[in-house]
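# Topology and contacts: notes
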Amino acid sequence: MADYDLIIIGSGPAGMTASIYAARANLSVLMLDKLAPGGQIINTNEIQNYTGMGTINGAELAIQMFQHTQELQVAFDYKTVREVKVEDGLKTVFCEEDDAVYTAYAVILCTGTRPRMLGVENEKQYAGNGISWCAICDGAACRGKDVVVVGGGNSAVEESIYLAEIVKSLTIVTMFDLTADPMACDKLRGMENVKIYPYQDVLDFYGEKKLGGIHFKSTETGEEKRVACDQVFEYIGLTPTTECFKDLGILNEMGYVKVDAQMATEIPGIFGAGDCVTKNLRQVITACADGAIAAQSAARYVQGMK
Ligand SMILES: Cc1cc2nc3c(=O)[nH]c(=O)nc-3n(C[C@H](O)[C@H](O)[C@H](O)COP(=O)(O)OP(=O)(O)OC[C@H]3O[C@@H](n4cnc5c(N)ncnc54)[C@H](O)[C@@H]3O)c2cc1C
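The sections below set out a description of the structure shown in this document. (Residues numbered from 1 in each chain as written. Predicted model: local features only at pLDDT ≥ 70, side-chain atom pairs only at ≥ 80, totals over all residues. Heavy atoms only, no water.)

### Concerning the sheet that holds strand β10 (residues 131-132)
- Spatially, β10-β17-β11-β12-β13 is the arrangement adopted by the 5 strands of the open sheet, whose pairing is parallel. In the strand order of this sheet, the two ends are held by β10 and β13 (194-197), each with one partner.
- Relative to strand β12 (residues 169-173), strand β11 (residues 146-150) runs parallel, the two being bridged by 5 bridges. In the sheet register, Val 148 faces β12, and the bridge partner there is Thr 171. (Pairing = 2+ DSSP bridges. Helix = DSSP H or I, 4+ residues; strand = E, 2+ residues; numbered from the N terminus.)

Written as structure tokens, this is what we have:
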């Protein structure tokens, strides 16, 4: 006999949506997260592409999603999952805190992604002390300062628009041209204090004790440039947070959880949803859609097991 019908690992948009669908399918559900419920949207200023919401602050959307799970009495606990094992169809989830162990018939993996680092010289030295991966967390301290954003995709452009309204100058250094949503790119290009350097390779960072600036090189002309700044924000892509599932043998070469159209992995009763699975578009709306499908698949599996 398992402790729960279903354990959901991760309480971002994917995990919370999965928990709503699973609870409404009458499954007993435990949702685990090492941090506060909400996932990456907690640190997102404005979400403008979630159907029906117009523009909504990420933390506000996270609170509304969590309240919805609590209206359905979904059990939630702060735990960092370290491993998942399968024996005779029963799934055992091992956590770091208090060596807690839970069992379930089915598990949905919703652990999302984390920001990728450039891997250049001095980056680690200034991490958290001049280099940040979260404009919402550290942007307010940059009022009136010179700031650089590295990256040109959706996250980089959205967060640059937010930062440009606070800071004195915003310089964007990106490997290609801006590749984000054209409307957002146009808005950013039209902001007076923004300068964009496309087709650049970041070489390193410099400064005495404190970050002094960034050094980069044109991939077209080879010209090197140094831009002095107080703070750098990096938005250059994501790495899946799936290390704790590596022994299950269900990850692809990049570390993403391999799933089919029903969000099922190759292991019966283990499903994946959201940013941590193999897919093309990593957004709130697709994470929620995955979570709904994974929960329906898990409900069918649990009924079969019982
Ligand atoms: C800066 C930025 C701006 C964005 N802007 C937008 C936007 O405007 N519109 C949009 O649609 N999308 C946006 N996104 C993308 C969106 O945030 C993600 O697609 C979405 O959050 C994915 O949801 P998820 O539930 O799959 O994963 P996540 O939100 O990453 O949640 C994963 C959860 O799993 C937990 N977790 C991880 N490992 C463990 C473990 N071992 N044990 C327990 N818990 C664990 C984490 O703590 C986290 O809470 C943005 C992302 C960023 C970074």
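### Examining helix α5 (residues 154-164)
- Among the 11 residues that make up α5, 8 are buried, leaving the element largely enclosed by the rest of the structure.
- Those residues of α5 that fall on the buried side of the exposure criterion are Ala 156, Val 157, Glu 159, Ser 160, Ile 161, Tyr 162, Leu 163 and Ala 164.
- Packed against the buried residues of α5 are α4 (135-138), β11, β12, α6 (182-189), β13 and β17 (231-234). (Buried < 20%, exposed > 50% of the residue type's maximum accessible area, 1.4 Å probe, protein only. Contact = heavy atoms within 4.5 Å.)

### Concerning the site of the ligand
- Close contacts around the ligand come from 34 residues, with Asp 33, Gln 40, Val 81, Asp 275 and Val 284 the closest.
- Glu 158 is positioned such that a nitrogen or oxygen atom in its side chain is 3.0 Å from a nitrogen atom of the ligand.
- For the shell around the ligand, the elements supplying multiple residues, two or more each, are α1 (13-24), β3 (46-47), α5 and α7 (284-305).
- In terms of residue count, α5 provides more of the shell around the ligand than any other element does, 3 residues in total.
- Partitioning the shell around the ligand into residue classes produces 11 nonpolar, 15 polar and 8 charged.
- In terms of domain composition, the shell around the ligand takes at least three residues from each of domain 1 (4-114 + 239-305) and domain 2 (123-234). (Near = heavy atom within 4 Å. Polar contact = N/O pair within 3.5 Å; in protein donor to acceptor, adjacent residues only side chain to side chain. Nonpolar A, V, L, I, M, F, W, Y, C, P; charged D, E, K, R; others polar. Domains from an automatic or database assignment.)

### Quick word on the pattern of salt bridges
- For the structure shown, the criterion picks out 8 salt bridges.
- One salt bridge connects Arg 189 with Asp 177, and the closest N-O pair in it is separated by 3.3 Å. Of this pair, Arg 189 sits in helix α6 while Asp 177 sits in the loop between β12 and α6, and the two are 12 residues apart along the sequence.
- Judged by relative accessible area, Asp 177 falls into the partly exposed class, the value being 30%.
- The salt bridge partner of Asp 290 is Lys 279, with a shortest N-O separation of 2.8 Å. In this pair, Asp 290 sits in helix α7 while Lys 279 sits in the loop between β19 (270-272) and α7, placing the two residues 11 residues apart along the sequence. Each of the two residues, Asp 290 as well as Lys 279, counts as buried. (Salt bridge = Lys/Arg side-chain N within 4 Å of Asp/Glu carboxyl O.)

### Some points on the sheet that holds strand β14 (residues 200-206)
- What the 3 strands build is an open sheet, ordered β14-β15-β16; its pairing is antiparallel. With partners counted over all chains shown, the strands left at the sheet margins are β14 and β16 (224-228), one partner each. Shown here is a sheet whose adjacent strand axes are inclined to one another by a mean of 25 degrees, direction ignored.
- When β14 meets strand β15 (residues 213-218), the two strands line up antiparallel, connected through 6 bridges. Bridge pairing in β15 places Val 202 opposite Phe 216. (Axes fitted to C-alpha atoms, helices over the stretch in contact; angles between N-to-C directions.)

### Remarks on the side chain of Thr 80
- By secondary structure assignment, the location of Thr 80 is in the loop between β5 (75-78) and β6 (81-87).
- Non-local contacts of Thr 80, meaning those with residues more than four positions away in its chain, are made with Lys 34, Phe 94, Cys 95, Glu 96 and Glu 97.

### Brief notes about the pairing of β11
- β11 sits mainly inside the fold: 4 of its 5 residues count as buried.
- The β-α-β motif built from β11, the intervening α5 and the parallel element β12 has right-handed crossover chirality.
- The sheet contact formed by β11 and β17 spans 4 bridges and is parallel. Paired with Val 149 across the two strands is Phe 233, which belongs to β17. (Right-handed = clockwise from strand over helix to strand, strands pointing away.)

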